[in-house]
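# A structural walkthrough
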Amino acid sequence: MKRLLVLSGDGIGPEVMAQVMRVIDWMARKGRVQFDVSEGLIGGCSCDVHGVSLTDDTLAEAMAADAVLLGAVGGPRWDGLSFDKKPEQGLLRLRKAMDLFANLRPAIVFDALADAATLKLDVVKGLDLMIVRELTGGVYFGKPRGIDILSDGNRIGINTHSYSTNEIVRVARIAFDLSLKRNRKVSSVDKANVMEAGALWREEVTRIWNEEYKDKGVELSHMYADNCAMQLVRAPKQFDVIVTDNLFGDLLSDCAATLTGSLGMLPSASLGMPPEEGRRRRALYEPAHGSAPDIAGKDIANPLATLLSFAMMLRYSFDQPSDADLIERAVQRVLSGGLRTADIMQPNKAKVSTTVMGDVILRELDKLT
Ligand code: NAD
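Note on numbering: residues in each chain are counted from 1, in written sequence order. Residues qualify for local features only when their pLDDT is at least 70, as the model is predicted, and side-chain atom pairs are given and counted only at 80 or more; totals for whole chains, interfaces and linings, by contrast, use all residues. Side-chain metrics in this entry use all non-hydrogen atoms of the structure; hydrogen atoms and water are not considered.

### A short note on the nonpolar core
L104, V132, F176 and F310 are the most contacted members of the largest nonpolar core, which totals 70 residues. Throughout the structure description, domain borders are defined by an automatic or database domain assignment. Split by domain, the residues of this core number at least three in each of domain 1 (1–105 + 266–369) and domain 2 (118–260). Between two residues, a contact is recorded if the distance between any of their heavy atoms is within 4.5 Å. Sequence-distant contacts of F176, that is, excluding residues within four places in its chain, are made with V186, V205, I208, W209, Y213, V218 and L220. In terms of nonpolar packing, the next biggest core, distinct from the first, is built from 21 residues, L127, L129, C228 and F248 among them. Residues grouped as a nonpolar core are buried Ala, Val, Leu, Ile, Met, Phe, Trp, Tyr and Cys residues, joined through side-chain atoms within 4.5 Å. Note on classification: 1.4 Å probe, protein chains only; a residue is buried when its accessible area is under 20% of the maximum for its type, exposed when over 50%, partly exposed between these limits.

### What to know about the domain arrangement of the protein
Considered domain by domain, the protein is made up of domain 1 (1–105 + 266–369) and domain 2 (118–260). Tallying the contact residues gives 16 residues for domain 1 and 17 residues for domain 2. By buried area we mean how much accessible surface two parts lose on assembly, using a 1.4 Å probe and totalling the loss over both. Summed over both sides, the interface between domain 1 and domain 2 buries roughly 1400 Å², with carbon and sulfur atoms accounting for 60% of that surface. The largest share of the area that domain 1 buries against domain 2 comes from F101, N103 and R105, three residues that together contribute 47% of it. Salt bridge, as used here, is a side-chain nitrogen of Lys or Arg placed within 4 Å of a carboxyl oxygen of Asp or Glu. Seen at the junction of domain 1 and domain 2, the total is three salt bridges. Close ionic contact of R170 with D99 constitutes a salt bridge, the shortest N to O distance being 3.6 Å.

### Some details on the pattern of salt bridges
Under the defined criterion, the tally for this structure stands at 23 salt bridges. Residues R182 and D128 are paired through a salt bridge, measuring 3.3 Å at the closest nitrogen-oxygen approach. Remark: D128 occurs in strand β5 (residues 128–134) and R182 occurs in the loop between α6 (165–180) and β8 (185–190); sequence separation between them is 54 residues. Here R315 makes a salt bridge to D325, at a shortest N to O gap of 3.1 Å. Linking R315 in helix α10 (residues 304–316) with D325 in helix α11 (residues 321–336), this pair joins segments that are ten residues apart in sequence. Shared partners join several salt bridges into a network, and the residues in it are R3, D66 and R280. Put simply, DSSP H or I for four residues or longer makes a helix, DSSP E for two residues or longer makes a strand, and each gets a number counted from the N terminus.

### Let's talk about the packing of aromatic side chains
What describes a pair of aromatic rings is the distance from one ring centre to the other and the angle between the planes of the rings. Two aromatic rings, drawn from Phe, Tyr or Trp (for Trp, its six-membered ring), form a pair once their centres lie within 6.5 Å of each other, and the interplanar angle then sorts them: stacked below 30 degrees, edge-to-face above 60, tilted otherwise. Using the criterion set out here, one finds four aromatic pairs in the structure. A ring pair is formed by F35 and F310, whose centres lie 5.9 Å apart and whose planes are at 65°; its orientation type is edge-to-face. Of this pair, F35 sits in strand β2 (residues 35–40) while F310 sits in helix α10, and the two are 275 residues apart along the sequence. On the accessibility criterion, F35 (9% relative accessible area) is buried. Consider the rings of F35 and F318, whose centres lie 5.4 Å apart with planes at 65°: the pair is edge-to-face. Residue F35 is located in strand β2, and its partner F318 is located in the loop between α10 and α11; the two are separated by 283 residues in the primary sequence. A single burial state applies to F35 and to F318, both of which are buried.

Quick look at the structure:
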């Protein structure tokens, strides 16, 4: 049995997750995939009950699960808490304990939404790329760091951008393995021209490609990060899988996200170390959006980012691409049929609630099977 821990969190988290739970039930009823689902608290709701945003017990459950599906955390209700008690701390602790070093952010433009993008239709129509961002290393974590005072009284802010061979190699392998399930094309992005860590990044990615993936037909190209930013808005369809470090990945994945339209449509996955005996690769799936307190409790949030995160789970944690495809096709068909939640509403389309979006997804799943 596949052990799934569901952490709905705060704000719209429980509302969007409720629709995904209906799809999980549907999958079980149809005999497609059966999960042993347990639910836990994270974020503000956990602070309210336990006084901390993630308890040791919930963390232990996450470590024992085959996958974790998360809604969102945070909201103004908890803004007054001290920094170590804030809802976001629970999520940071979870990601750190699970050692999730690779963040996968797909940027997919659904045909039905292509004309809502900010770029010209022919630039984004059919876009389907994946950014793999290194998540636990680089300048956000490197040491030394801090703010010092120089002998002349000037203050100096210090952060260190460093990458070890191991850190580069493990995320590169994730990108290359992903490309084997896609178009076998990887673009590695760095600043090898001006940074030693970038030069090492390029060397190591090339070495792993030569040793393990070249013979499998994977194409590798390298690009400087500034050029990549430009290419993403000029001709994004040239990319299939982009692999890059923490800092550049942070910027480039948001840039790619804006190509697709709404936050409510963007899933993500974060992966940890490869499987060991008796244990799958640790993995956390969550929408890219936050808890959207401005619309929470109104049944108007878009549940599709969380649903598409669940589809990613089927694909990457459980190797069930046909079930993932099925969900993605149901989403396509609902959108092509003209139904929209408020965030992706367009002229002459029908606005539906969170719950009705769940209803019509189930209806399409029934029709497709
Ligand atoms: P947000 O993503 O919650 O919301 C930004 C805007 O997008 C809002 O107008 C919101 O209504 C809209 N939106 C987001 N998701 C939507 C959906 N599924 N359907 C329809 N509209 C949607 O970002 P924010 O407002 O900057 O942050 C709100 C809270 O969420 C904060 O407490 C923040 O710390 C937290 N947050 C959590 C996560 C996470 O859990 N991973 C990520 C980002 C922000």
